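# An overview of the molecular structure
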Amino acid sequence: MKRIYYLLATVLLVSLGSCKKYLETKPTDFLNPSNYYETPAQLEFARSSAYNMLGASQLWGAWGLYLFSWSADAGYMNRSSLTAGPWNYNYGSADTYTLGLWSNLFNGINRANVVLDNVDKNQEIEQEYRDKIRGEMLFLRGYYYFILVQNFGGVPLKLNATSSVIDVDIPRNSVKEVYDQIIKDMETAEALVPGIVAIGNAGEISKSAVRGLLARVNLHMAGAPLNDATRYAEASKWAKMVIDDTEAGHALNSSYPDIFKTLAQDRYDLKESIWEVEFWGNRQDQFTETGYTGWINGPAVGANNKNTGRADAYMNITSKFYDAFEPGDNRKWYSIAHFSFSNALLPSGQKNMVSLPTSQNAKNLMKPGKWRREYETTLPKFDRGTPINFPLLRYTDVLLMYAEAENEINNGPTQAAIRYVNDVRQRGWSTGVHTITVTNGGSGYTGAPTVTFSEGIGGNTATGKATIVNGQVTAITLDRDLTGVTYYKEGDYSAPPTVTISGGGGSGAAATTAIYRKTDANLTSAQTSSKAAFLAVIQDERFREFNFEYLRKGDLLRWGTFLEVNQDLGNRLQQESPGAYFVKYYSNVTPRDLLMPIPNNEVTTNLAIVQNPGWN
Amino acid sequence: MLKIYKSSKGRWQLPFGVAMLVFLVSFTPERALSQTKTIRGTVTESPTNIPLPGVSVRVKGTQTGTTTSANGNYTIMAKPTDVIVFTFLGLKTQEITVGTKTTINVALAGDATSLSEVVVIGYGTVAKPDLTGSVGVVPVDDMAKAPVGSFADALAGRVAGVKVNATDGQPGSSPNIVIRGAGSLTQSTSPLYVIDGFPVEDPDPEAINPEEIESMTILKDASSTAIYGSRGANGVILITTKRGKVGKPVVTVSSSLGFQSAPEPVELMSPYEFVKYQTELNPNVSTTLAYFGFDKTLGRQRTLEDYRSIEGVNFQDHVLRTGAQQIHNIALRGGTEQTRYSVSGSIFDQKGTIINTGLDRYNGRVNIDQTISNKIKAGVSGNYSGVTQWGQIINQGPLTTGNPTSMVFARTWMYRPVAPLLTDNLLTDLADDESTTSSDHRINPFIDLENQHQYNRTNILDGNAYVTFDITKDLQFKSNAGIRHKRIDQEYFFNSKTSQGSLTNPGNTNGINGRVRSYLDKSFSNENTLNYKKTINNDHTITALGLFAINSFNRTVNGYGGRLLPNENLGIDGLDEGVAFNPISSATVNRMASYAARLDYNYKSKYILTGTFRADGSSKFVDHWGYFPGAALAWNMHKEGFFAKAFPAVSTSKIRASYGSNGNNRVGDFATYPSLNQVLDGYAFNSSAPIGAIYVSAVGNPGLQWEKVNTMDLGYELGLFKDRITLEADLYRKSTENLLLNAILPPSTGFGSAVKNIGKLRNDGMEFTVNSVNISNRDFSWESNVNISFNKNKVMALTRGQQSLPTNATYVSQFNRPLYLAEIGKSAGMMIGYIWEGNYQYSDFDETSPGVYVLKPGVPTNGNARNVIQPGDIKYRDLDKDGTVDDSDITFIGRGTPIHTGGFANNFSYKGLSLNVFLQWSYGNDIYNANRLLLEGNSNGYALINQFASYANRWSPENQTNANYRTRGQGPIGKHSSRVVEDGSYLRLKTISLNYSIPTRFIKRAYLSNLSLNVAAQNLATWTNYSGMDPDVSARNNVLSPGYDYSSYPNSPTIAFGLKASF
């Protein structure tokens, strides 16, 4: 019997000894940070994860398009049934969109931090490659913090990957500390990342992108709330570095519409478009990398009109935006849709032309036109999203930032500053026919005669039709531009074209034309006479140029005009569209809206954080 | 079935047997004789007095032994000092001292269901009077009378403290079984199952054949569950399957055929009411005007009145059907003293009451027990279960988008009953095209359901073996080892006629699609116990248990999907022709090693003490080991002399108390590790196909530990008139600390949540059970059981700083805001929203000019702008009196958990007839009837959807009711209110069963030993104020969002006719 006790005792002892080993299980299904980041391929995947957050639905994938434009004065969200939300300043710290934005940005920061913590794990990997990735991660971290600081004020600075779920009480840093860190990160990155030509695309971070963003960050530092005027020089310096970079060879795209067509077509225009968020595909494969640019902020296209591509169009423009353009400024016709799409299956881009709005209220009901699905080349078009890349930095912006900074530094515009603004204005300016004067009505016309204009540049010739009253030609009106790029088919001329009127059974009718010229776009001396006047020009110019590119709210905040602009617009809309639901989108703005609320999830679980004023 | 009657008759005779034993023992002569003599006798079964063959008769402590002959007789040689032990499986063992006797006749009584019964507990059995913990014995015989495929469907109301509520009535949907209140908020609250000694954390109740269950006990308090340590916190359900008995082979065959009546259709608006509603909803829209176009047969334009005579389509008539079920069981059981065997098989087949839904199960089990020598016994058992569940899951939308038409029932109700001018045949049209918008695709619910190809096939293979070795007569070693392989194969194929695969559905980006996925779980368990039992001086009994066990669990998941499938006709086999998507391949493992000990001290069954301790080591935690102690004591005061004198009518009076600690380990196997996740979609650099991304998806919490549950239990058992009436009452407090909570992290960490040991939860409750033999005479008997349980939980703490844990509703997306709140100091699962106050009436308005109504200054708004509120709009209570109803007016509007639940069982028997009537109830719980959001007022103002008939009674200038708001009077969209919160209390005639055993004399010639016929009904009647189809519903998470009803599959009455024969 004793033997059995011995046996049992032995079994027990052996089992005790082997227990520890038995209980040490290792995951086989997922990877562990401790055994990763060791090959270039692994670093590549890791780097991709930090970029990934740019296109996440909480940022530029969708919600950024809601949050940063519906909340400014160019347009508003047109779903009247959604009575509460950040877009109409009727929301609180429990808001999902705010939480999504905040979480996503910190998620991106953590991903960048993870890569930064691990990038040098394997020193065998080529230094240059690791530096490039380090630069990209520093820049992205800075960029995510830049969005945070603009919208939430001072936020916790996290410079290492999160490793504990217990020590999570992190206080806010000051706005200045956050900006200083952004500058530090981006300046370090500037030395590490390659030039844009070497990279060959606008999706990856290039020296130009870093420099341009440094100019933007510095301009923000110079404005509200820091108001550190010394930063204008820094802004100017970085912008100038982009302008003077002959290797990169940045230049304005000569055609304003072409910038956005290019973005829709998986092509790059590295001279103009310096940094873009990449979206891709049509979901006909295993990938899901589409975004919502053009779907949510373009003209509406019904689900059946698959050739043009479905667009649910959640956004309207304001009359203020409509009225912001001067005659001759063709950006207006490209930025505001004077057409609609049928729900029937028609050829891509076939439009029903719509006349000019007849009231201020009608302007408030129009759709933005900059983001057009008709130009997409990835077929078939996906009906729940688009592959259109979203621009984060254009060369135009660099020029205007430079002009703005120079104006501040020199207490008035420099010649270069004026020239750059004129360049931008001229690029969008018309060279077509604007007036046709009938000098002789002729006689005997029984039907409308044929009107022919002399040939325009590159075959871009105006077309029009004559109106006959009592056998006389009384007027000649230009045809509509059926592409919707401009309002009229006005042609492209360096000198006024001649008009030939023939047929129609009559004779003797004659007309002369007048055209727009690029030089019409140049600023007047009054506009350049003072620092204040020039700043006003820049402010309006940015409003027109970057509409629906979501820079406006940030601009208004740094200029310190955000509250005033919203209140004014609220009053204006109440006059034009009394009682309309969108009036409140502007009149609801109060001083607390200079910042968004820190989301509840953060406030309740991070005991060291303090809510923004007015949001408790 | 035979067994049922034996035990139920034998139940009240047991005290007699005990008395006889005491009598015999007390007459042992003082003169001790040492000569061996021959003892003869007959062993019979009490109370039938039928001779028992095959009874083991043994002289205690020696090798001498025999078995009784066919007529129950035996002969054995023994000394007067010897004790003879009579053993027969299933009957209570008797020990009789020989003394001067030469004839010893013994009547062995059954050992089930009385206070003297032997109760299966963790790693052993104990006589019920000696029990110190709170243990519920499930009346499996009664439960087996319910015409259902799974014990879980018959468990509700059977045992105090065990709350069972259905998710809904879909065949194969497992009900939630919660023992003494949910101990966890975000982790599983399912009890641990131990099936023939094999612990299973995620059992499939529907994979167990109820006929094979011999006994089922539920361990409730910590003293009884502490022996299961880290897995016992949610309670333990011990299931023992039937094993062979010594005797001739007995073949038992039973069959039953049943019908489940189609759920009572909900009354919907008639075509006339529907068209009338559309003219109010969208008077000038073409789809409405189409109803009034030129009608050729009438020769004029159709008018609203014309729709009065049109019948319309009611899709409920096509989607609902009479269900059918059949159950067939066959078993062969028997054995000799050396070998006992049990072989059984069953087929269960159920066609649901919604078309193309159902379940079938094939099951086979073999149990063999073998005596190898006097000291060594061994046994093996094997079980196979194959369960196939098919059809659309009714309470889940087929698509993830929150459109109103995605739920089957909602779609069935809302589908319009009549098309304009009757040009379309709504019944055969694939979709209601005129109603299709970018976010709403209304596919024909009938065609969609018919074309669903969804299969879940579960195959479970269990193998178990044990060996016992009697080291000494007091010490026994037992080793038990088992494996369990469970494989689930899921197969989904969506052709173009289903909403998921429809090519015209704008929400479907996958075209015709499908997927296959397999889960393979492999569990292993080995448990080794040493049992020691010693009685000293006949007064002190010590029982000790030592345990060493190891367990492991492996899961692998594999599968892939195919989208944009080109060849629809190939079905699931053409999956490889499309674009691959959603591939999955994953694996996980966890292991446990455990030591445990239990010590019982029993003084004359008067004072009983139990101490338990378990140490569990789990691979899930970095610090592997956790320690779980428990202690209990009981005092059988009726055994005190003074007590018996003072209260002669009291046959049992026992008080017991226990305290102990348990754990809950239900977290991911590798929750302590940070993990990296690789995804396909990283970033599309250079406008090329995206490269993948890898990121830290979970930060990991190396400090993770068990959830600790401390339970205090105070129990009292009372028996009157020789236990003819018994009462058992328990009071408990169950406190969960270190709650394993999927806690919110500050988003600034870069993560949304992590499992943390944080928060506290408390459950307080009371349980009462009364058993009584109301009438008992030769021909007629009536026995009753009533039990009632009260449980109340309270959230004591959450993640630091967090005051409440909200849970969103899952109705359409605009309602995706908190409906439930678990707030500190309150119960989990409370419903929140506005208090509904009917409608705004004319008296609330100033009529500024004829027909223009402006809300009076003092009257608060409902959240809409003042200028848009009109008479007949919905009205909510402005709690903070600030003039507008906004977030600050949200309050508690309902409780999802009941105040009490219970059951009332009655067994009547008259000669060969027996009747079982079982009622079950739930009281005090509310149900959020989300169906009414859509179908009684059209929450979002969708065009062309039908409504419940009740919405015909809505506010209009002619009918200034408060019952329903006017057309489009829903106020701000997406607000939850008490309007659709309903009292979910119910009393249900859960089971009624009538059985007739044909007298033996008629069946003998057919070599039958038993033949019985029965008819049984389930859910035959329900008394409730709930307006939905079925109040036994909780379609979402049962702890945080209980009592949610939206498009649920109703339980409906089943009636089954059965036949059972033994030969």
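Residues numbered from 1 in each chain as written. Chains lettered and ligands numbered in written order. Predicted model: local features only at pLDDT ≥ 70, side-chain atom pairs only at ≥ 80, totals over all residues. Heavy atoms only, no water.

## Side note on the overall build of chain B
In plain terms, the rule: Elements are defined by DSSP. Helices are runs of H or I of four residues or more, strands are runs of E of two residues or more, and each kind is numbered from the N terminus. Atoms counted for the radius of gyration: C-alpha only. Globule rule: 2.2 Å times residue count to the power 0.38. Any residue under 20% of the maximum accessible area for its type is buried, any over 50% is exposed, and the rest in between are partly exposed; the area is computed with a 1.4 Å probe on protein chains only. In what follows, residue pairs with any heavy atoms lying within 4.5 Å of each other are defined as contacts. Each accessible area is a Shrake-Rupley estimate made with a 1.4 Å probe; only the visible protein chains count as cover when residues are assessed. When charges are counted, neither His nor the chain ends are considered; positive counts come from Lys and Arg and negative counts from Asp and Glu. Lys charges are placed at NZ, Arg charges at CZ, Asp charges at CG and Glu charges at CD.
Per the secondary structure count, chain B includes 13 helices and 56 strands. A globule of 1063 residues ought to have a C-alpha radius of gyration of about 31 Å, and chain B, at 33 Å, matches this closely. Put simply, chain B has 1063 residues, and 58% of those count as buried. Here the contacts in chain B between residues at least 6 apart in sequence split such that 69% fall between residues at least 24 apart. As displayed, chain B has an accessible area near 40,700 Å², and 57% of this comes from carbon and sulfur atoms. Put simply, chain B has 98 plus and 90 minus side-chain charges, and the middle of one group is 10 Å from the middle of the other.

## What about empty space enclosed by the protein?
Residues and elements named next belong to chain B. Defined as follows: Using protein atoms alone on a 1 Å grid, points that fit a 1.4 Å probe yet trap it form a cavity, whereas open point sets bounded by protein on both sides within 12 Å along at least five of seven lines form a pocket; residues with an atom within 4 Å of a point count as lining. Grid points are joined across faces, edges and corners, and a volume is the space filled by probe spheres set on the points. Residue classes follow a fixed rule: Ala, Val, Leu, Ile, Met, Phe, Trp, Tyr, Cys and Pro count as nonpolar, while Asp, Glu, Lys and Arg count as charged, and any other residue, Gly among them, counts as polar.
According to the stated counting rule, one finds 16 cavities of 30 Å³ or more in the structure shown. Approximately 540 Å³ is the volume attributed to the largest cavity. Lining the largest cavity are 44 residues, with Lys 163, Asn 165, Thr 897, Pro 898 and Thr 901 sitting closest to its centre. Looking at the lining of the largest cavity, the elements that each hand over two or more residues are strand E12 (162-165), strand E40 (780-797), strand E49 (900-910), strand E50 (913-923) and strand E51 (926-929). Sorting elements by how many residues they give to the lining of the largest cavity places E40 first, with six residues. A per-class count over the lining of the largest cavity returns 17 nonpolar, 21 polar and six charged. If you go around the second largest cavity, you meet 31 residues; those closest to its centre are Val 148, Asp 153, Gly 169, Gln 350 and Asn 1051.

## Points about the environment of Leu 915 of chain B
Residue and element names in this part refer to chain B. The topology assignment puts Leu 915 in strand E50. Leu 915 sits in the partly exposed class, given a relative accessible area of 27%. Measuring from C-alpha to C-alpha, the distance between Leu 915 and Ser 993 comes to 5.6 Å, with 78 residues separating the pair along the chain. The contacts of Leu 915, once residues within four sequence positions are left out, are Asn 906, Asn 907, Phe 908, Ile 992, Ser 993 and Leu 994.

## Details of helix H6 (residues 175-192) of chain A
All names here are of chain A. For the record, the criterion: In a helix, the anticipated span is given by 1.5 Å times the number of residues less one.
Its 18 residues give H6 an end-to-end C-alpha distance of 26 Å, which sits within 8% of 26 Å, the value for a rise of 1.5 Å per residue. Among all positions in H6, only Val 175, Val 178, Tyr 179, Gln 181, Ile 182, Ile 183, Asp 185, Met 186, Ala 189 and Glu 190 are buried. Those residues of H6 that are buried lie in contact with helix H5 (127-152), helix H8 (207-222) and helix H9 (231-243).

## Observations regarding the interface of chain B and chain A
Note the threshold: When two parts are put together, the accessible area they lose, computed with a 1.4 Å probe and summed over both, is reported as buried area. For this document, the term salt bridge refers to a Lys or Arg side-chain nitrogen within 4 Å of an Asp or Glu carboxyl oxygen. Here a polar contact is recorded for every N or O atom pair within 3.5 Å, except that within protein the pair must consist of a potential hydrogen donor and a potential acceptor, and residues adjacent in sequence are included only if both atoms are side-chain atoms.
Contact with chain B, which involves 73 residues of that partner, is made by 81 residues of chain A. The contact between chain B and chain A buries some 6,600 Å² in all, and 63% of this surface belongs to carbon and sulfur atoms. When the area that chain B buries against chain A is broken down by residue, the three leading residues are Tyr 683, Ser 748 and Arg 800 of chain B, summing to 11%. For the interface between chain B and chain A, the tally reads zero salt bridges. Inspection of the region where chain B meets chain A yields 23 residue pairs in polar contact (both at pLDDT 80 or more). When contributions to the side of chain B that touches chain A are tallied by element, the ones reaching two or more residues are strand E26 (475-494), strand E28 (540-563), strand E29 (579-603), strand E30 (607-618), strand E33 (675-683), strand E34 (691-698) and strand E38 (753-757) of chain B. The element best represented in the side of chain B that touches chain A is E29 of chain B, accounting for 10 residues. Of the residues assigned to the side of chain B that touches chain A, the class counts are 39 nonpolar, 29 polar and five charged.

## Concerning the pairing of strand E10 (residues 124-127) of chain B
All names here are of chain B. Rules: Two strands are said to pair when DSSP picks up at least two bridges between them.
Strand direction decides the pairing type here: strand E9 (residues 118-121) and E10, joined by four bridges, are antiparallel. Each bridged residue has a counterpart across the sheet, and for Val 120 the counterpart in E10 is Thr 125. With antiparallel pairing between neighbouring strands as the criterion, E9 and E10 make up a hairpin whose turn holds two residues, including Tyr 123 at a positive phi of roughly 60°.

## Thoughts on the sheet that holds strand E15 (residues 198-200) of chain B
Residue and element names in this part refer to chain B. This is how the line gets drawn: Comment: axis = line fitted to C-alpha atoms, over the contacting stretch for helices; angle = value between 0 and 180 degrees taken between N-to-C directions.
Spatially, the five strands line up as an open sheet ordered E11-E16-E17-E14-E15, and their pairing is mixed. What marks the edges here is a single partner per strand, and that holds for strand E11 (135-137) and E15. Averaged over all pairs of adjacent strands, the angle between strand axes in this sheet comes to 20°, irrespective of strand direction. Pairing of strand E14 (residues 192-195) with E15 involves three bridges; the strand directions are antiparallel. Its bridge partner being in E15, Val 194 is matched across the sheet by Pro 199.

## Some words on the side chain of Thr 1054 of chain B
Residues and elements named next belong to chain B. On the secondary structure map, Thr 1054 appears in strand E56 (residues 1054-1062). The class of Thr 1054 is buried, set by a relative accessible area of 5%. Sequence-distant contacts of Thr 1054, that is, excluding residues within four places in its chain, are made with Pro 147, Phe 259, Gln 260, Gln 325, Ala 1016, Ala 1017 and Gln 1018.

## Re the sheet that holds strand E4 (residues 65-67) of chain B
All names here are of chain B. With antiparallel pairing, four strands are arranged side by side in an open sheet as E4-E3-E6-E7. Across the chains shown, the open sheet's two edge strands, defined by having one partner strand only, are E4 and strand E7 (94-97). The sheet shows a mean angle of 20° between the axes of neighbouring strands, direction not considered. Of the strand pairs in this sheet, strand E3 (residues 56-59) and strand E6 (residues 83-87) are connected by four bridges, and their pairing is antiparallel. Each bridged residue has a counterpart across the sheet, and for Val 57 the counterpart in E6 is Phe 86.

## Some thoughts on the pattern of salt bridges
All chains considered together, the criterion is met by 93 salt bridges over all chains. A salt bridge links Arg 47 of chain A to Glu 204 of chain A; the shortest N-O distance between them is 2.6 Å. Taken together, the residues span a long stretch of sequence, with Arg 47 of chain A in helix H2 (residues 40-52) and Glu 204 of chain A in the loop between helix H7 (196-199) and H8 at a distance of 157 residues. By relative accessible area, Arg 47 of chain A is classed as buried at 1%. Judged by relative accessible area, which is 12%, Glu 204 of chain A ranks as buried. Between Arg 333 of chain B and Glu 211 of chain B there is a salt bridge, and its shortest N-O distance comes to 3.8 Å.

## Some points on the packing of aromatic side chains
Which entries qualify depends on this criterion: The rule is short: rings of Phe, Tyr and Trp, with Trp giving its six-membered ring, pair when the centres are within 6.5 Å, and they are stacked under 30 degrees, edge-to-face over 60, tilted in between. For a lysine, the NZ atom is tested; for an arginine, the CZ atom; a charge sits over a ring if that atom is within 6 Å of the ring centre and within 35 degrees of the ring normal.
On inspection of all chains with the given rule, the structure shows 66 aromatic pairs over all chains. Here Phe 390 of chain A and Tyr 550 of chain A contribute two aromatic rings whose centre-to-centre distance is 5.4 Å and whose plane-to-plane angle is 20°, an arrangement assigned as stacked. Of this pair, Phe 390 of chain A sits in strand E8 (residues 390-394) while Tyr 550 of chain A sits in the loop between helix H16 (531-545) and helix H17 (552-559), and the two are 160 residues apart along the sequence. Considered together, Phe 390 of chain A and Tyr 550 of chain A belong to a single accessibility category, that of buried residues. Ring plane angle 20° and centroid distance 5.4 Å describe the contact between Trp 782 of chain B and Phe 908 of chain B, whose orientation is recorded as stacked. Of this pair, Trp 782 of chain B sits in strand E40 while Phe 908 of chain B sits in strand E49, and the two are 126 residues apart along the sequence. Its relative accessible area of 24% is what places Phe 908 of chain B among the partly exposed residues. Taken together, the ring pairs in this structure connect Trp 60, Tyr 256, Phe 260, Tyr 334, Trp 371, Phe 390 and Tyr 550 of chain A into an aromatic cluster. Above the face of the Phe 685 of chain B ring, Arg 47 of chain A is positioned so that its terminal group lies 4.3 Å from the ring centre.

## Here we look at the nonpolar core
We apply this condition: Buried residues of nine kinds, namely Ala, Val, Leu, Ile, Met, Phe, Trp, Tyr and Cys, make up a nonpolar core once their side-chain atoms join them within 4.5 Å.
Ranked by internal contacts, the top residues of the largest apolar core, which has 155 residues, are Leu 54, Trp 60, Phe 139, Leu 140, Tyr 143 and Trp 275 of chain A. With 13 residues, H5 of chain A is the largest single contributor of residues to this core. Setting aside its immediate chain neighbours within four residues, Leu 54 of chain A contacts Leu 59, Trp 60, Gly 61, Leu 140, Tyr 143, Tyr 144, Trp 275, Val 277 and Leu 392 of chain A together with Tyr 683 of chain B. In terms of nonpolar packing, the next biggest core, distinct from the first, is built from 35 residues, Ala 410, Tyr 942, Ile 945 and Val 981 of chain B among them.

## A closer look at the confidence of the model for chain B
Note: predicted coordinates in regions of low pLDDT should not be interpreted at a detailed level. Residues and elements named next belong to chain B. The test is simple: Confidence scores per residue from the predictor, reported as pLDDT, run from 0 to 100.
Predicted confidence across chain B gives a mean pLDDT of 87, with 94% of residues reaching 70 or more. Across residues 1-33 the pLDDT falls below 50, and counting only partners more than four positions away or on other chains, this stretch makes 47 contacts in the model. With pTM at 0.82, the complex prediction returns an ipTM value of 0.91.

## Comments concerning unusual backbone geometry
The omega torsion of the bond from Ala 224 of chain A to Pro 225 of chain A falls at 0°, within 30 degrees of zero and hence cis. For Pro 225 of chain A, the location among the structural elements is in the loop between H8 and H9. Each neighbour pair has its own omega, and for Leu 379 of chain A with Pro 380 of chain A the value is -5°, a cis peptide bond. Within the element layout of this structure, Pro 380 of chain A appears in the loop between strand E7 (367-368) and E8. Phi is positive for Ser 1047 of chain B, close to 55°, though the residue is something other than glycine. The buried category is assigned to Ser 1047 of chain B, whose relative accessible area is 0%.

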